[in-house]
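Architecture and fold: a report
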Amino acid sequence: MNVIKRDGRKETFDERKIKNAIEKCYIANEEHPDEELINNIISIIKSAEKDYTVEEIQDIIIDNLDDIDIEKAYCDYRTKRNKIRDFKLNQKFYNTVIELVDRKQNEASKENSNKDATQIHVIRDLIAGETSRKLYNELIMPEKLRELHEKGVLHVHDTDYRLQQNETNCELSDLDNALNYGTVMNGKFIEPPKSLRTACTVASQIITAVSSSTYGGQTITMSHLAKFVKVSKEKITKKMAKLGINDSKVVGALLQDEIKDSIQTLLYQLNTISCTNG
């Protein structure tokens, strides 16, 4: 009979491996191995005259151990072996994640120069990216493509995001439509702004919202904000008129201040607000 290994390979059944594993459990509990029970378990496995998977054999062993302490010791042994096997298989992934947490530079932290890998929210994003990359490479990427990618014949870009379905990469944000007709963010309707200052604030929020739903770069044109200079001028003119001030120089000075404040707000927002991409 053969044993079907976890990777699908078949190996000739070796009863000594089972005997050694169970004996270690007895020794760990400072008990003398029950040779009769061990031989009986081996006989049960062999009597089926069929190929078993490793997991099936381990299940049979656990079902036939009549000592609770030995059964627990074997389950612990099984768990430990699984952890060792898992670590060997995923060692690179685990090491990468630990390095990110410890803020050590590695391939993942240096891949995107726009991400500061010393910041907590960026580290969380990078860890999520490494997890997504692993799942995509192992479960979704076509085998032939993965083989070429791993050999360096070609490079599949952004594998840390490809697991997420329907996510786009690099956009031209339509601020013109959003600012002139209003938009919706987080289920809330945002009305068209009534001044340049508000338009800049809304624009920064739109850009942040888009960044959280995509990856890659994002482009806007300031011309979509320029028309709100006129909106602010009209608003300031009306306000001054109510105060009995009709001096165009005063209006112009106040408008210049609003332009400076508005653009400062936009730049500060874009350089300080964080999104789900870090």
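Preceding block: the structure.
Quick summary incoming for the structure in this document. Computed from a predicted structure; not experimentally measured. Counting restarts for each chain, with residues numbered from 1 along the sequence as it is written. Where totals are concerned, whole chains, interfaces and linings use all residues; where local detail is concerned, this predicted model gives features only for residues with pLDDT of at least 70, and gives and counts side-chain atom pairs only at 80 or more. Hydrogen atoms and water are omitted, and side-chain values are computed over all heavy atoms in the structure.

Remarks on helix 2 (residues 35-47)
- Helix and strand labels come from DSSP, where a helix needs a run of H or I of at least four residues and a strand needs a run of E of at least two; each type is numbered from the N terminus. Multiplying 1.5 Å by the residue count of a helix minus one yields the expected span of that helix. For helix 2, spanning 13 residues, the distance from its first C-alpha to its last is 18 Å, which sits close to the expected 18 Å at 1.5 Å a residue.
- The complete set of buried residues in helix 2 reads Leu37, Ile38, Ile41, Ile42 and Ile45. For helix 2, the angular spread of the buried residues around the axis is 140 degrees, confining them to a single face. Opposite the buried face of helix 2, at more than 90 degrees from it, the exposed residues are Glu36 and Ser47.
- We call two residues in contact when some of their heavy atoms are within 4.5 Å. Packed against the buried residues of helix 2 are helix 1 (15-28), strand 3 (52-53) and helix 3 (54-64). Relative accessibility under 20% of the residue-type maximum defines a buried residue, over 50% an exposed one, and the middle range a partly exposed one, all with a 1.4 Å probe and only protein chains included. This arc describes the spread of directions from the helix axis toward the C-beta atoms.

With respect to a positive patch on the surface
- Only residues above 30% relative accessible area that lack a salt bridge enter a patch, with like-charged residues linked at up to 9 Å and the nonpolar side chains Val, Leu, Ile, Met, Phe, Trp and Tyr linked at up to 5 Å. Here the Shrake-Rupley method, with its probe set to 1.4 Å, supplies the accessible areas, and only the displayed protein chains count as covering residues. We define a salt bridge as a side-chain nitrogen of Lys or Arg found within 4 Å of a carboxyl oxygen belonging to Asp or Glu. None of His or the chain ends enter the tally, which takes Lys and Arg as positive and Asp and Glu as negative. Taken as the charge location is NZ of Lys, CZ of Arg, CG of Asp or CD of Glu. Among the surface-exposed residues, Lys24, Lys80, Arg81, Arg85 and Lys88 lie close enough to one another that they form a single positively charged patch.
- Sort the elements by how many residues they give to the positive patch and helix 4 (residues 68-101) lands first, with 4 residues.
- By the element assignment, arginine 85 lies in helix 4.

Details of the sheet that holds strand 1 (residues 2-4)
- Taking strand neighbours across the sheet as the criterion, the 3 strands line up as 2-1-3 in an open arrangement whose pairing is mixed. Only two strands of the sheet have a single neighbouring strand rather than two, namely strand 2 (10-12) and strand 3.
- Here strand 1 pairs with strand 3 via 2 bridges, running parallel. In the sheet register, isoleucine 4 faces strand 3, and the bridge partner there is threonine 53. By the convention used here, strands pair only if DSSP detects at least 2 bridges between them.

Considering the pattern of salt bridges
- If you walk through the whole model with that rule in mind, you get 18 salt bridges.
- Among the salt bridges present, the one from arginine 78 reaches aspartate 59, with a minimum N-O distance of 3.1 Å. Here the residue arginine 78 occupies a position in helix 4, and aspartate 59 occupies one in helix 3, the gap between them amounting to 19 residues.
- Arginine 78 gets classed as buried once you look at its relative accessible area, which sits at 14%.
- Here aspartate 125 ties to lysine 115 by a salt bridge, and the two come within 2.5 Å at their closest N and O atoms. With aspartate 125 in helix 6 (residues 120-140) and lysine 115 in the loop between helix 5 (107-110) and helix 6, this pair connects stretches of sequence that are 10 residues apart. Pair check on accessibility: aspartate 125 and lysine 115 agree, each one buried.

A closer look at the environment of isoleucine 62
- Mapped onto the elements, isoleucine 62 comes out in helix 3.
- As for isoleucine 62 and isoleucine 22, which are separated by 40 residues in sequence, their C-alpha atoms are 9.9 Å apart.
- Dropping the residues within four chain positions of it, isoleucine 62 is found in contact with Glu71, Tyr74, Cys75 and Arg78.

Quick word on the packing of aromatic side chains
- Stacked, edge-to-face and tilted are the three classes for Phe, Tyr and Trp ring pairs, Trp counted by its six-membered ring, which pair at centre distances within 6.5 Å; planes under 30 degrees apart are stacked, over 60 edge-to-face, the rest tilted. Within the structure shown, the criterion is met by 3 aromatic pairs.
- Taking 5.7 Å as the distance between ring centres and 45 degrees as the angle between the ring planes, the aromatic pair formed by tyrosine 74 and tyrosine 77 counts as tilted. Taken as a pair, tyrosine 74 and tyrosine 77 lie in helix 4 at a separation of 3 residues, close to a single helical turn.
- A relative accessible area of 3% means that tyrosine 74 is categorised as buried.
- With a centroid separation of 5.6 Å and an interplanar angle of 50 degrees, the aromatic rings of phenylalanine 93 and tyrosine 94 are classed as tilted.
- For phenylalanine 93, a relative accessible area of 18% puts it in the buried group.
- Note on geometry: a ring has a charge over it if NZ (lysine) or CZ (arginine) is within 6 Å of the ring centre and within 35 degrees of the ring normal. Stacked on the ring of phenylalanine 93, the Lys or Arg lysine 134 has its end atom at 5.8 Å from the ring centre.

Observations concerning the packing of helix 9 (residues 196-211) against helix 11 (residues 248-272)
- The angle between two axes is taken between their N-to-C directions and runs from 0 to 180 degrees, where each axis is a line fitted to C-alpha atoms and a helix contributes only its stretch in contact. In contact at an axis separation of 8 Å, helix 9 and helix 11 are set at 15 degrees when each is read in the N-to-C sense. With respect to each other, helix 9 and helix 11 are oriented roughly parallel. Considering the relative orientation of helix 9 and helix 11, their crossing is right-handed. Here helix 9 contributes Leu196, Arg197, Cys200, Thr201, Ala203, Ser204 and Ile207 to the contact with helix 11, which in turn contributes Glu258, Ile259, Asp261, Ser262, Ile263, Thr265, Leu266, Gln269 and Leu270.
- Residues are grouped as follows: nonpolar covers Ala, Val, Leu, Ile, Met, Phe, Trp, Tyr, Cys and Pro; charged covers Asp, Glu, Lys and Arg; every other residue, Gly included, is treated as polar. Class assignment for the residues of the contact of helix 9 with helix 11 results in 8 nonpolar, 5 polar and 3 charged. In this scheme, roughly parallel covers angles under 35 degrees and roughly antiparallel covers those over 145, while 65 to 115 is roughly perpendicular and the rest are oblique. Two helices cross in a left-handed way if the nearer one is turned anticlockwise from the farther one by less than a right angle. They cross in a right-handed way if the turn is clockwise.

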